[in-house]
Structures are given as structure tokens and as C-alpha cells.
Amino acid sequence: MTGFAKPLKIALGLAVIAALIVVPMNFNRYGLFILSQWAVMTIAAMGLNLTLGYAGQVSLAQGAFVGIGAYAAAIMTTHGWPLPAAIVVAIVLSFAVGWVLGYPALRVQHHYLAFVTLAFSTLAFLVFRNESWLTGGIYGISNIPRPHIFGIATNKPLPFYYVCLGSLAIVSLAVWWLIRSPWGRAFIALRENPQRAQSLGVDTRRYTLMAFAIGSALGGIAGALYAPLTQYIDPVPFNLSLSLDLLMMVIVGGAGFYLGPFLGAMIAVLLPEWLRFTEGYYLMLYAIAVMLLLIWSPTGILGILDRYMAARRTKAASALRAVAKSRLETAQ
Amino acid sequence: MSNLFDLLVAGLATGAIYALVAVGFTLLWQTSQTINFAQGEFVMLPAFLMLAAMHVGAPFWLAIILGILLSMILLGLAFKMLLVDPMMRHGVLPLAIATMALAIGIKEAVKQFFSAEASPFPSIVPTGDISVFGHAVSLQSIGVLVVAILAVVGLTALLNRTSLGHQMQAAAQNPTVARIIGVPVERMILLTFLINAFLVALASLLITPIYLAKFSSGEVLGQAAFIAAIVGGFNQVRGAIAGGLLIGVLDNLAASYVSTQYRSAVPMLVLIIVILFRPQGLLGRAEERTV
């Protein structure tokens, strides 16, 4: 199985990437917008997956970091700065704020942490809404420009979709590298058993803060792409429900699985669109689908797959054992 | 000065509602480790059940009874059996997410089957003002305060004075031991879900005449109740009550003395400070950390 599975996986991965590049070429404006939104939300969900799925810290503030990134990008690009500079600022800003937000995580855990981050999320929303000298208040910021990448204007939906897809690719590679590095292993140790991790010499303080800061920085990147994607932002999309949505994406996709956020964001962004033919019922159906999925598999969609694979592996292993045993018996 | 008095009364009335909602939240947490993110929607729904009953011609008093009964069946029994029971063994987080999905579901269902517009709702307390120490105080505020206090006193008496209440507390504090000494733990857990459903229906009845019946009204209320429960100590019923009153009063004072724009920030700041310095809440007892 192992000798065969890896090339198959690579082929499948390449096919998906090719499809993501080629198929949208004849999509209409709205289809491209939805797909770009999927890419952006996947980046934000990947950040939360680092914090929650790998480091085990429940955060209800990821939406606020998307907001911070979006406002940073909106304010800077409307004042003539290029988008890459805005992205750097968004990363630095949300990394710093995420680091500070990590401090409560050192003191309180689980549901308490969820509520601290919930409070932060609401405070961020109030700042976006009330500091109109900076954020435009309830009127928001409009005419957010889209960038020129290597001299190519990305004003049209298709080029900007490629900007989002390219950013997703870069972030995916970075996260892939991160979770395979000693850092990622330290995060997992932190999630599985903080006490034991500490006794093994993992600096739990530092890694907890890092998990929050890196996860938040990815939220900031997502926000910095969201602003030019919609070209208009106001406080409403960044309220608590975005944080809850992102949390739902991570859990539904499969927290702690690398591909979880991709699937989770697909379900959260695309499923309501596919259910649109049901008119007003689509969010209701979506809610029911999420509840049924979680009752069936609390580890999300990839949890189902994981269990199936594990069962097959056990089966294969016991088959091998049986063969070995019968050989041993015939040899005797 | 007169202003302060009015603010306090209004704050206590709001706080009493928060307390009712927060108490149910702590009850569910204590008996089944359920964080119900749909608690706000649980308060919103009964009002619509009552409105629906009135639409088909039921008089107000009958609609109230039907609404409370339906809410106990849907939000108590069905919620426990269909969502909490199958998910209980999976831990806190998946269940919390499932209740978020439930919140979306309830909101959308009301919007779809009833109306996206705010509907007026008859009050059980006559409108008008009475004079207290020379201040005009709205009868509604007083009515809300009285009913909420009665409900909370009744609940505390049930928990502390009756053998049923003692069994409930035993089941909440240590299910294993409770089971050994013969407490029907499952039935006690079901009872807390029914009590929660009753309390949210009562809160719905009290608050909807003031703020109108709207599909989205659960969000703010649910959040306020969570904060109240945590600030007060969410493993303690009396903590939830104190937290509710405190947040209600703070919210009203903040609106007039701090700024209307940042009024909702004040309870949030209180929440953050309490969680950081006294995570078990002002009146709560510390929970042992599990490794």
C-alpha cells in the first residue's frame, strides 16, 4: 500500500491544483468571487487550525484578526501604499496582538480562554465601528484598490483570484513546513499533554504564545487579501460570527488535520451557495448538516476518513499477521 | 442623583433577565458540561412559539402555557436527547460547535417560518409608571424584577431545601458517587434541561414586550448571559445571579456615564479582568484542573 499510495496522493494533489487553476477560467464574476473567498477563508482557517488543532488553544478571535488585517490593508492601500507592504504590516500587527492575546492562555484554559478571546473579538468590533477617524466607522472604507503584481493589474476577477490562490499556495507550503518542523511537533506535544511536554523541556510558555501569534498572523494575511477582494469593508463582516464561522470550519473539516481547513472552508463558503436553490432554507440546511456531521463524527470530515484508513490499516496488519502465523506454522 | 436611581432600577431589571438566562447556562454546565452557545436563541424562540399560538387563535394565557410547554419539549427534552446525549462522550468542544450550528438553525428557522421583521409582543405587566421615593419607575421594570426574583428564589429553594434538589446537586457535583448512593443521575440531568427550558421561556415572556420579538435578538442576550455567568462564577447558581445583576447594572451605568458607543465594552473589560485574576468567577469555587 505504501509503495503505491504516495505517487497516487501526489497525482491527486497535482490534479486538484491544476483544476483550481484551469477550471475557473470560464467562471463568471460571482463564481470567481466565491472561489477567491474560499481561498482567503482557508488561509484564516489554517491559522486557527494551528492555534486550535495543533496547539489545542480554543480561540474565538480569529475573525477579529481577519478584521485587523483587512483594515490595515484597506487603510494603507487607499493611502497609496502597495499591497505587499500592507500585508507585511498586517502580519506584524496581528502577530503582535496575537502574542499579547496568548498571555491569558497561559493562565486560563479551554472554555475560559474561549470567553477571553470572545471578549477580545467584541472589543475589536467596537474599535472598528467607533474609531471612525481611522476606520470610517459604520460607513467603512470603499474603493480599496487591487494590486499590480509584476506589473500586471489584477483589477479583473480572474487575475485577483490567482492572487488569492497564489497566496494560499505560499501559506500552505509555509504551514506544511512549520508543522513538520520541531515547532510543529512542540505544538502537538502542547496539545496532547502540556505537563509532559514541559517535563520534556518544551518551553510551554513560549510555544503557547507562538501558536497564538502565528495563527493570528495568518488571520491577518487573510484579512489583507479580503479587503482588496471585496474592495469595500465595514465592521459588520468581522463581528463575532466570523470567528464562530472560522471555528466551525476548522472543526467541521477536521481540527489538527492539515487538509481540514481546506475542506471546512469549502463547506462553509461553497455549501450555502450550492444550497441557494432552496431559497431561504439554505442556512437552516447548513446548520442541520453541521450538527449531523458532528454527531456522526466529532473529529470532522477528515476524522471519518482517518478512522476508515486506520480500520483498513488494522485489517491489513492483521491479515499480514495471519499470513506470517500460518507460514510459521507450516515451517514448523 | 435621581438619574442614578433610575439607572439602578433599570439595570437591576435587565440584570434580573440576564440572571435567569445565566442560571440555566450554569445548570447545564454543572450537570452535563454543556456550553450552550444557543442559549440566547433559546430565549428568542419561546416568544415566537407564543406568537404562533396566538396567530392560530389561542388567547394570551393559553399561548403562554403552550409556549412554555413547547419550549420544555423542544429546548429541554429534544435538545438533550437529539443533540447533547449523542455528543456528550465526544467532549466539550464539538458539542459547543454543534450548539453554534443550532443557534444558526433556530435563527434561520424563525426568520423563514415567521418573519424577518420585529413583531410586537403583549406584556404580562401593565405599562405605565408608578412613583417610588418620588421617582417614576416603569411598572415593567418592577414586574420583570419581581418575576425574575421569584423564579430565582423558587429555584434556590428547590435546590437547597428539597430532597429532589439535593439529588440534583449531588448528580451535578459528583455523578459517580451520586450513582452509587442511588441518585437517578440521568433523570436529574434531564430535569436540569427542563428547568433551563422553563427559565428561558420565562425570560422570553418578560423581555420580549420590552425589546420586541426579533429573530436576531438572541445574540446580544446570549452573550450578556455568558458574561454574567462567568463573572459571577459559572459553577454556582448564586454566582450567575450576582453576575447577571452586576452586568445589568454596569451596562446601564456605562451607557450613560462612559459612552453609548463603548457601552458593551465595559462588561467585556470586566469579563477579561475577572477571568485573568479570578478565573473561577467572583463567587465561584475553583475547579480542579484535569491533566
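In case you missed it, the structure is sitting above this.
Read on for a plain summary of the structure. Throughout, a residue's number is its position along its own chain's written sequence, starting from 1. By the order in which they are written, chains take letters starting at A while ligands take numbers starting at 1. A pLDDT threshold of at least 70 governs which residues receive local features in this predicted model, and a stricter bar of 80 or more applies before side-chain atom pairs are shown or counted, although totals over entire chains, interfaces and linings include all residues. For side-chain calculations, the full set of non-hydrogen atoms in the structure is used, while hydrogens and water are omitted.

**Here we look at the overall build of chain B**
Strands are runs of DSSP state E lasting at least two residues, helices are runs of H or I lasting at least four, and both sets are numbered from the N terminus onward. What chain B contains, in helices and strands, is 11 helices and two strands. Listed by position from the N terminus, the elements making up chain B come as α-α-α-α-β-β-α-α-α-α-α-α-α. At 19 Å, chain B has a C-alpha radius of gyration in line with the 19 Å of a compact globule built from 291 residues. If one aligns the C-alpha atoms of chain B with their principal axes, the spans along those axes are about 55 × 50 × 35 Å. Each accessible area is a Shrake-Rupley result for a 1.4 Å probe, and residues are judged covered by the shown protein chains and nothing else. Of the roughly 12500 Å² of accessible surface on chain B, a fraction of 68% belongs to carbon and sulfur atoms. Looking at charge distribution, chain B has the averaged site of its 13 positive side-chain charges lying 10 Å from that of its 11 negative ones. The reference for a compact globule is 2.2 Å times residues^0.38; the radius of gyration itself is calculated from the C-alpha atoms. Charge counting follows a simple rule: Lys and Arg are positive, Asp and Glu are negative, and His as well as the terminal groups are ignored. Every charge is mapped onto a representative atom, which is NZ of Lys, CZ of Arg, CG of Asp or CD of Glu.

**Some words on the side chain of Ser216 of chain A**
All names here are of chain A. Tracing the backbone through its elements, the reader meets Ser216 in helix α10 (residues 204-230). Using a relative accessible area of 2% as the deciding quantity, one classes Ser216 as buried. When near neighbours in sequence (up to four residues on either side) are disregarded, Ser216 contacts Gln62, Phe65, Ser94 and Gly98. Relative accessibility under 20% of the residue-type maximum defines a buried residue, over 50% an exposed one, and the middle range a partly exposed one, all with a 1.4 Å probe and only protein chains included. For this analysis, residues touch if any pair of their heavy atoms sits within 4.5 Å.

**Remarks on the nonpolar core**
Generally speaking, nonpolar side chains in soluble globular proteins are found buried as a group. Joining through side-chain atoms within 4.5 Å is the link that ties buried Ala, Val, Leu, Ile, Met, Phe, Trp, Tyr and Cys residues into a set, and such a set is a nonpolar core. Ranked by size, the top nonpolar core spans 196 residues in total, and within it Phe115, Phe187, Ile233, Phe238 and Leu246 of chain A together with Leu20 of chain B carry the most contacts. Leaving out residues up to four positions away in the same chain, Phe115 of chain A has contacts with Phe25, Ile35, Phe226, Ile230, Phe234, Leu271 and Ile275 of chain B.

**Describing the pattern of salt bridges**
Residue and element names in this part refer to chain B. In the sections that follow, a salt bridge refers to a side-chain nitrogen of Lys or Arg positioned within 4 Å of a carboxyl oxygen of Asp or Glu. Going through the model one piece at a time under the given rule, you end up with five salt bridges over all chains. Note that Glu186 is salt-bridged to Lys80, the shortest N-O span being 3.2 Å. Highlighted residues: Glu186 in helix α8 (residues 185-211) and Lys80 in helix α3 (residues 60-87), separated in sequence by 106 residues. The exposure class assigned to Glu186 is partly exposed, which follows from its relative accessible area of 44%. Note on Lys80: relative accessible area 3%, which makes it buried. When the shortest N-O distance is used, the salt bridge between Lys107 and Glu219 registers 3.0 Å. On the criterion of sequence distance, the pair formed by Lys107 in helix α4 (residues 92-113) and Glu219 in helix α9 (residues 218-232) is long-range, its members being 112 residues apart. Under the relative-accessibility criterion, Glu219 is labelled partly exposed at 42%. In this structure, a network of salt bridges that share partners links the residues Glu41, Lys107 and Glu219.

**Some thoughts on the packing of helix α10 (residues 237-257) of chain B against helix α11 (residues 265-277) of chain B**
All names here are of chain B. Angles here are taken between N-to-C directions and fall from 0 to 180 degrees, while the axes themselves are lines fitted to C-alpha atoms, restricted in helices to the stretch in contact. α11 packs onto α10 with a crossing angle of 135° between their chain directions and a minimal axis gap of 8 Å. Classed by the angle they form, the pair α10 and α11 counts as oblique. Across the interface between the two elements, Ile247, Leu250, Asp251 and Ala254 from α10 touch Val266, Pro267 and Val270 from α11. Its residues placed into classes, the contact of α10 with α11 shows six nonpolar, no polar and one charged. In what follows, roughly perpendicular refers to angles from 65 to 115 degrees, roughly parallel to angles under 35, roughly antiparallel to angles over 145, and oblique to any angle outside these ranges. Classification used: nonpolar for Ala, Val, Leu, Ile, Met, Phe, Trp, Tyr, Cys and Pro, charged for Asp, Glu, Lys and Arg, polar for all others including Gly.

**Brief notes about the interface of chain B and chain A**
Counting residues at the interface gives 42 residues for chain B and 37 residues for chain A. Here's the idea: put two parts together, see how much 1.4 Å probe accessible area each one loses, and the total over both is what we call buried area. Note on chain B versus chain A: buried area summed over both sides is about 3600 Å², and carbon and sulfur give 77% of it. Ranking the residues of chain B by area buried against chain A places Ile97, Tyr262 and Leu276 of chain B at the top, with a combined share of 14%. Taken together, the connections running from chain B to chain A amount to zero salt bridges.

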